Amino acid sequence: MSCAEWTMPFPAPELHLDHEAVLWSAGEADRVGRPRLILLHGYGSDEADLFGISAYLPLEPVIASLRAPIPEGPGFAWFSRFTNVSVDPLAANADAAARAVLHWLDDQPDAPTGLLGFSQGGGLAIQLLRLAPERFDFAVTLSAFVVQGAQDGDAVLAESRPPVFWGRGTHDDTIPAAGVARAAEWLEGHTTLDARIYEGLGHGISPLELGDISSFIGAHLPR
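Just so it is clear, the model here is predicted, and its values are computed rather than measured.

Our next topic: the pattern of salt bridges. One side chain can pair with another of opposite charge once the charged atoms of both are near each other. According to the stated counting rule, one finds six salt bridges in the structure shown. Linking Arg135 and Asp106 is a salt bridge whose minimum nitrogen-to-oxygen distance equals 2.9 Å. Separated by 29 residues along the polypeptide, Arg135 in the loop between α4 (120-131) and β7 (138-142) and Asp106 in helix α3 (residues 91-106) bring together distant segments of the chain. What makes Asp106 partly exposed here is its relative accessible area of 48%. Where Arg196 meets Asp212, a salt bridge forms, and the shortest distance between an N and an O atom there is 3.2 Å. In this pair, Arg196 sits in strand β9 (residues 192-198) while Asp212 sits in helix α7 (residues 207-220), placing the two residues 16 residues apart along the sequence. Among the residues examined, Arg196 registers a relative accessible area of 31% and is labelled partly exposed. Linked through salt bridges whose partners overlap, the residues forming this network are Asp18, Glu47 and Arg67.

This part takes up the packing of α3 against α4. For the pair α3 and α4, the least separation of the axes is 9 Å and the interaxial angle reads 80°. In terms of their interaxial angle, α3 and α4 are classed as roughly perpendicular. Two secondary-structure elements touch here, α3 through Ala91, Ala94, Asp95, Ala97, Ala98, Arg99, Val101 and Leu102 and α4 through Leu124, Gln127, Leu128 and Leu131.

Over its 14 residues, helix α6 (residues 177-190) extends 20 Å from the first C-alpha to the last, a length consistent with the 20 Å expected when each residue adds 1.5 Å. Taken as a whole, α6 has its buried residues at Gly179, Val180, Ala183, Ala184, Trp186, Leu187 and His190. In this structure, the buried side of α6 is in contact with α4, α5 (154-160), β8 (163-169) and β9.

What the seven strands build is an open sheet, ordered β1-β3-β2-β6-β7-β8-β9; its pairing is mixed. Each end of this open sheet is capped by a strand with a single partner; those strands are β1 (23-24) and β9. With seven bridges joining them, β8 and β9 adopt parallel strand pairing. Looking across to β9, one finds that Val164 is bridged to Leu193. Against the sheet, α6 engages β8 and β9, with an angle of about 160° to β8.

This part is about α7. A turn of α-helix holds 3.6 residues, and therefore any two residues three or four places apart point the same way. For α7, spanning 14 residues, the distance from its first C-alpha to its last is 20 Å, which sits close to the expected 20 Å at 1.5 Å a residue. Of all the positions in α7, only Glu209, Leu210, Asp212, Ile213, Ser214, Phe216, Ile217 and Gly218 are classed as buried. Looking at the buried side of α7, the elements it contacts are β2 (36-40), β6 (113-118), β7, β8 and β9.

Here Ile38 is to be found in strand β2. Given the relative accessible area of 0%, Ile38 is considered buried. Those residues in contact with Ile38 that sit more than four places away from it in its chain are Ala64, Leu66, Trp104, Leu105, Thr113, Gly114, Leu115 and Leu116.

To continue, consider the packing of aromatic side chains. For the coordinates displayed, the defined rule picks out four aromatic pairs. Above the face of the Trp24 ring, Arg31 is positioned so that its terminal group lies 3.8 Å from the ring centre.

Looking now at the side chain of Ser206. As for its placement among the helices and strands, Ser206 is situated in the loop between β9 and α7. You can call Ser206 buried: its relative accessible area is 13%.

Generally speaking, nonpolar side chains in soluble globular proteins are found buried as a group. Judged by nonpolar contacts, the single largest core of 43 residues is most densely connected at Leu40, Leu66, Trp78, Leu124 and Leu128. Only β2, β3 (62-66), β5 (75-77), α3, α4, β8 and α6 provide two or more residues apiece to this core. The element that contributes the greatest number of residues to this core is α3, accounting for nine residues. In contact with Leu128, other than residues within four places in its own chain, are Leu40, Ala98, Val101, Leu102, Leu115, Pro133 and Phe136. Listed in part, the 19 residues of the second largest apolar core include Leu37, Leu39, Phe165 and Phe216.

Conventions adopted
- Residues numbered from 1 in each chain as written.
- Predicted model: local features only at pLDDT ≥ 70, side-chain atom pairs only at ≥ 80, totals over all residues.
- Heavy atoms only, no water.
- Salt bridge = Lys/Arg side-chain N within 4 Å of Asp/Glu carboxyl O.
- Helix = DSSP H or I, 4+ residues; strand = E, 2+ residues; numbered from the N terminus.
- Buried < 20%, exposed > 50% of the residue type's maximum accessible area, 1.4 Å probe, protein only.
- Axes fitted to C-alpha atoms, helices over the stretch in contact; angles between N-to-C directions.
- Parallel < 35°, antiparallel > 145°, perpendicular 65-115°, else oblique.
- Contact = heavy atoms within 4.5 Å.
- Expected span 1.5 Å × (residues − 1).
- Pairing = 2+ DSSP bridges.
- Phe/Tyr/Trp six-rings, centres within 6.5 Å; stacked < 30°, edge-to-face > 60°.
- Lys NZ or Arg CZ within 6 Å of the ring centre and 35° of its normal.
- Core = buried A, V, L, I, M, F, W, Y, C linked by side-chain atoms within 4.5 Å.

Written as structure tokens, this is what we have:
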């Protein structure tokens, strides 16, 4: 087998979420009539990881923390490092993950919905906005990136400019500089952007950032 054959991308798989793996902040009866916040964890993690920040977020939204569909490393991934690099995925693989979330959302009651994702999950949050801009009210993307290429929803977003919080640290060396630059350009051109940079923060979430995230979400919940 030639080197070229080794580097050819695999076809994007059809992915499905495990409905039983979702962590909810409220029982089914207590979700009625409330907005919803979807949490999307990072590479090699699971639904329990981001769920821990729920205590620092506004109480109004029902939180649903999803598990990525690809078993990988110590946990799960939205896009596999065996099909493309995990922090700069092929658009087809990011789309496959986004469609899996949208199919899960099809089975949920209608409600105003926001997104919060970290790293891979943050890239997926923006990809979801791009695939279905009419389905989401805001997004929080943390230590993340924007997937390369154009999407049909980009033109809609350039007009509607939904609110997006983009947080990152000065010491985050996981996301390449080119990925940060692409995210800055795309987000500034397609969203109402609240961009925050945290001095000394690596690839993670700081207490100061949590406070800013909570304020952002509280300001954009439906009244």
